[in-house]
Amino acid sequence: MNYSRLIFVCTGNTSRSPMAKAIYERMDKENHIRVFSRGLVVLFPEPANPKACAVLKNNDLDIEGHVSTALVDTDITENTLILTMTEKQKQTVMEEFENATDVYTIKEFVGMDGDVMDPYGGTLLEYEECFAELSTLVKKTVYRLNEED
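Now for a look at the structure at hand. Since the structure is predicted, the reported quantities are computational estimates derived from the model, not experimental observations. (Residues numbered from 1 in each chain as written. Predicted model: local features only at pLDDT ≥ 70, side-chain atom pairs only at ≥ 80, totals over all residues. Heavy atoms only, no water.)

### So, the overall build of the chain
Secondary structure assignment for the chain yields five helices and four strands. Ordered by position in the sequence, the α and β elements of the chain form the string β-α-β-α-β-α-β-α-α. Over its C-alpha atoms the chain spans a radius of gyration of 14 Å, differing by no more than 12% from the 15 Å that the globule rule assigns to 149 residues. Seen through its principal axes, the chain has C-alpha atoms that stretch 35 × 35 × 30 Å. The buried share of the chain, taken over its 149 residues, is 48%. In the chain, 71% of the contacts between residues at least 6 apart in sequence involve partners at least 24 apart. As presented, the chain carries roughly 7700 Å² of accessible surface, and 49% of it is formed by carbon and sulfur atoms. (Helix = DSSP H or I, 4+ residues; strand = E, 2+ residues; numbered from the N terminus. Rg over C-alpha atoms; globule rule 2.2 N^0.38 Å. Buried < 20%, exposed > 50% of the residue type's maximum accessible area, 1.4 Å probe, protein only. Contact = heavy atoms within 4.5 Å. Areas by Shrake-Rupley, 256 points an atom, 1.4 Å probe, with all protein chains shown as cover.)

### Notes on the pairing of strand β3 (residues 80-84)
With five of its five residues buried, β3 lies for the most part within the structure. On β3, burial covers both faces: Thr80, Ile82 and Thr84 on one face and Leu81 and Leu83 on the other are all buried. Pairing analysis gives five bridges linking strand β1 (residues 5-10) to β3, with the strands arranged parallel. When the sheet's bridge partners are listed, Leu6 is paired in β3 with Leu81. (Pairing = 2+ DSSP bridges.)

### Regarding the pairing of β1
The element β1 is largely enclosed, with a buried count of six among its six residues. Side chains Arg5, Ile7 and Val9 project from β1 onto one buried face, and the interleaved Leu6, Phe8 and Cys10 project onto a second face that is buried too. Of the strand pairs in this sheet, β1 and strand β2 (residues 34-39) are connected by six bridges, and their pairing is parallel. When the bridges of β2 are listed, Val9 appears paired with Arg38.

### Let's talk about the packing of helix α1 (residues 16-27) against helix α5 (residues 124-148)
Relative orientation of the contacting elements α1 and α5 amounts to 50 degrees, with a least axis distance of 9 Å. By the criterion of interaxial angle, the relationship of α1 to α5 is oblique. Here the hand of the crossing between α1 and α5 comes out right-handed. Facing α1, whose interface residues are Arg16, Met19, Ala20, Ile23, Tyr24, Arg26 and Met27, α5 presents Tyr127, Cys130, Phe131, Leu134, Ser135, Val138, Lys139, Thr141, Val142 and Leu145. Looking at the contact of α1 with α5 residue by residue, the class counts come to 12 nonpolar, two polar and three charged. (Axes fitted to C-alpha atoms, helices over the stretch in contact; angles between N-to-C directions. Parallel < 35°, antiparallel > 145°, perpendicular 65-115°, else oblique. Left-handed = near helix turned anticlockwise from the far one by under 90°. Nonpolar A, V, L, I, M, F, W, Y, C, P; charged D, E, K, R; others polar.)

### What about the nonpolar core?
One finds Leu6, Phe8, Tyr24, Leu134, Val138 and Leu145 to be the most contacted residues of the largest nonpolar core, which totals 33 residues. With eight residues, the top contributor of residues to this core is α5. With residues near it in sequence (within four places) discarded, Leu145 still touches Tyr3, Leu6, Tyr24, Ile33, Leu81 and Phe109. (Core = buried A, V, L, I, M, F, W, Y, C linked by side-chain atoms within 4.5 Å.)

### Brief notes about helix α3 (residues 87-96)
The set of residues buried in α3 consists of Gln89, Lys90 and Val93. Seen from one end, α3 has its buried residues packed into an arc of 105 degrees, which puts them on one side. Within α3, the exposed residues directed more than 90 degrees away from the buried face are Lys88, Glu95 and Glu96. Packing partners of the buried residues in α3 comprise β1, α1, β3, β4 (102-105) and α4 (106-109). (Arc of directions from axis to C-beta.)

### Looking at α1
The terminal C-alpha atoms of α1 lie 16 Å apart, and with 12 residues this matches the ideal 16 Å at 1.5 Å per residue to within 8%. For α1, the set of buried residues is Arg16, Ser17, Pro18, Met19, Ala20, Ala22, Ile23 and Tyr24. The inward-facing, buried residues of α1 abut β1, β2, α2 (50-58), α3 and α5. (Expected span 1.5 Å × (residues − 1).)

This is the structure in structure tokens:
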């Protein structure tokens, strides 16, 4: 499948999905896919989590100015790949968005099992561990998408 859009989805769109988007954009130099991050439970726009920002800054990435955005039907086209952080999020997307046909957890997409840990409310070290996990998963995602081209 040739995707034109990739949407990383997490719960609140303040930590995991914005981090995954930032990592992806740095790794995919060709930029042949438009990348977005969205949340499933966004009650009002909020900035990225300060610990996520700090970890990204330590890794020469920046999401200053990021504002949480809810996933909506118009985000999803027929060439959209949606990667969630957890199995539960994947199920929610599939139940609530009938036009979402290519939905995977990010681990499932790269041939692994399990969920990406949620650092919310955790220490800076836990955010760093989540960033490291996402870096590996996003790198495998970029490789897989480039192989399919």
